[in-house]
Every structure is written in structure tokens, then in C-alpha cells.
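Chain and residue survey
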Amino acid sequence: MVKLDVITTRGGDGGETSLGDGARVRKDAPRIEAIGAVDEANAAIGMLRLHTEGADDALLARVQNGLFDLGADLCVPGQGGDARLRLGAGHVAALDSATATINEGLPPLTSFVLPGGTPAAAAAHLARTVARRAERAVVHLAAEEPVNPEVVRYLNRLSDLLFVLSRRLNGGGAGDVLWTPGSGA
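The structure contained in this document is the topic of the report that follows. (Residues numbered from 1 in each chain as written. Predicted model: local features only at pLDDT ≥ 70, side-chain atom pairs only at ≥ 80, totals over all residues. Heavy atoms only, no water.)

1. Topic: the overall build of the protein chain
Inclusion rule: Every helix listed is a DSSP run of H or I at least four residues long, and every strand listed is a run of E at least two residues long, numbered separately from the N terminus. For each residue, the accessible area found with a 1.4 Å probe, counting protein chains only, is set against the maximum for its type, and the residue is called buried under 20%, exposed over 50%, and partly exposed in between. The criterion used for residue contact is that any of the two residues' heavy atoms lie within 4.5 Å. Under the convention used here, a 1.4 Å probe and the Shrake-Rupley method define accessible areas, while residue burial counts only the protein chains that appear.
Each helix and strand in the protein chain was counted, giving five helices and four strands. When the helices and strands of the protein chain are read in sequence order from the N terminus, they spell out β-β-α-α-α-β-α-α-β. When the backbone C-alpha atoms are referred to their principal axes, the protein chain occupies close to 50 × 40 × 35 Å. Taking all 185 residues of the protein chain together, 38% fall into the buried category. Long-range pairs, those at least 24 residues apart, make up 71% of the contacts in the protein chain between residues at least 6 apart in sequence. Roughly 10,100 Å² of accessible area belongs to the protein chain as shown, and the carbon and sulfur atoms make up 56% of that amount.

2. Section: the side chain of Arg167
Short version of the rule: Here a polar contact means two N or O atoms within 3.5 Å. Within protein one must be a hydrogen donor candidate and the other an acceptor candidate, and residues neighboring in sequence count only if both atoms are side-chain atoms.
Here Arg167 shows up in helix α5 (residues 149-169). Here Pro107 takes part through its backbone oxygen, which lies 3.0 Å from a polar atom of the side chain of Arg167. Those residues within four positions of Arg167 in sequence are excluded, and the remaining contacts are Leu106, Pro107, Leu109, Gly172, Gly173 and Asp176.

3. Let's talk about the packing of helix α1 (residues 30-49) against α5
Cut-off, in case you're wondering: Helix axes are fitted to C-alpha atoms over the stretch in contact, other axes to C-alpha atoms as well, and angles between N-to-C directions run from 0 to 180 degrees. An angle below 35 degrees is read as roughly parallel, one above 145 as roughly antiparallel, one from 65 to 115 as roughly perpendicular, and any other as oblique. Here is the rule for handedness: rotate from the far helix to the near one, and if that takes an anticlockwise turn smaller than a right angle the crossing is left-handed, while a clockwise turn gives right-handed. Charged residues are taken to be Asp, Glu, Lys and Arg, nonpolar residues to be Ala, Val, Leu, Ile, Met, Phe, Trp, Tyr, Cys and Pro, and polar residues to be all remaining types, Gly included.
The N-to-C vectors of α1 and α5 enclose an angle of 15°; their axes lie 13 Å apart at closest approach. Here α1 is positioned roughly parallel relative to α5, judged by the angle of their axes. The hand of the α1/α5 crossing is left-handed. Across from Val38, Ile45 and Leu48 in α1, the residues of α5 making contact are Leu155, Leu158, Leu162, Leu165 and Leu169. Of the residues contributing to the contact of α1 with α5, the split by class is eight nonpolar, no polar and no charged.

4. Quick notes on the environment of Pro77
Along the chain, Pro77 turns up in the loop between α2 (54-74) and α3 (89-104). Each C-alpha atom, one on Pro77 and one on Asn148, is 8.9 Å from the other, the two residues being 71 residues apart in sequence. In this structure, Pro77 is in contact with Leu19, Asp21, Arg31 and Arg86, ignoring residues within four places of it in sequence.

5. Some words on the packing of α2 against α5
Axis angle and axis distance: for two packed helices, these are the angle between their axes and the distance between the axes, and together they describe the pair. Relative orientation of the contacting elements α2 and α5 amounts to 160°, with a least axis distance of 12 Å. In terms of axis orientation, α2 runs roughly antiparallel to α5. Judged by the sense of rotation from one axis to the other, the crossing of α2 with α5 is left-handed. Contacts between α2 and α5 involve Asp56, Leu59, Leu60, Val63, Gly66, Leu67, Leu70, Asp73 and Leu74 from the first element and Val151, Tyr154, Leu155, Leu158, Leu161, Leu162, Leu165, Arg168 and Leu169 from the second. Residues belonging to the contact of α2 with α5 are distributed by class as follows: 14 nonpolar, one polar and three charged.

6. What about the pattern of salt bridges?
To keep it simple, the criterion reads: The term salt bridge refers to a pairing of a side-chain nitrogen on Lys or Arg with a carboxyl oxygen on Asp or Glu at a separation within 4 Å.
Tallying each qualifying case throughout the model produces ten salt bridges. Its salt-bridge partner being Glu40, residue Arg133 comes within 2.8 Å of it at the nearest N-O pair. Taken as a pair, Arg133 in helix α4 (residues 119-144) and Glu40 in helix α1 lie far apart in primary sequence, 93 residues in all. Between Asp176 and Arg167 there is a salt bridge whose closest N-O contact spans 2.5 Å. Arg167 matches Asp176 in its accessibility class, with the two residues each being buried. A cluster of three or more residues bridged by salt bridges with shared partners is formed by Arg132, Glu135 and Asp160.

Here you go:
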């Protein structure tokens, strides 16, 4: 499906890059900003995976593949419906299911959670914030150009998944660092 023999093409030396449909755009175009933000989220999840194993690591591997599918969707302008790889409702449903399953085993929150706790939970929080930045970039893009709405839904659900996963990685919520209002002064 993918064969990359040459990595350095020099095609982007003038500040432009190619989309999946062959169109050339500036590297600071909103679509490229969105694709880059999704790539950052994927890298942050890769770092998080250094702290996970078993079912959590397998889940994050599926998420990383989903983010590559999402990037493939974004690299071809339009809302979907053509023969290109597009994110579908099944991608979002998979995140919803995983989030619900993880959340079932967690105690209810009595305060907001600060990023921290175990190294794994802190990495999940960082990945969550990077996923939120990717979501904002895609929302910005969608205000200017047609974007498959499942892409926005996926990124929104991904940050929810990473939040509940951070709690599980904090000893099932026992190690959550809770916000104490007014204590920062």
C-alpha cells in the first residue's frame, strides 16, 4: 500500500507541500497545521506507550493507527464519500466503547484532576492536551474548508479516552492529583 524509497525529495524547500490529491499548498495552510497537530498527538501517544503494557498498550496502538487513518482523511480535501480512506462512525464508536469500559472501573470524581500522579498518567495527560490542540486545529480548518465531521468527533472522544486512561494509570483514580480551589495563591 505504501512504498517510500526516497525520503528527501526537496519538494518542500519552497515552503509548499502536496496533499493526497496532488494539490500543492503552503506548509502553514490550515489543513497542513491540522495534519501536523494530529501528527504531534500521535507522537505524544507513542511516548505514552512507553509507560503502558497489555490491553492499554494494545488500545493505544489501535488509536495510533486510527490517527494515521485520520491524517489520511485530512490529506484529501472534502467531507468524505469518495473512494479515499475516510474516518467513519465506527472509529468514533470504538473510542466511545473503550472510554466507557475504562470509566466503569473508576470512582466518581469529587474535584477536577490536575495533570500528574504516576509518570504514565502524566504522559496520558500530556497526550490529552496535545489531542485537544489537534482538535482545535481541525475545528479551525472546518470553519474554512469542508472536513469529514467524524474527524472532529474522533479527536473530541480521543481526549476523553486519554483522560479516563490517565485515571486508570493513576491506580484506578487512587493516585489522582485533585485540584484544591484557592490553594494556588
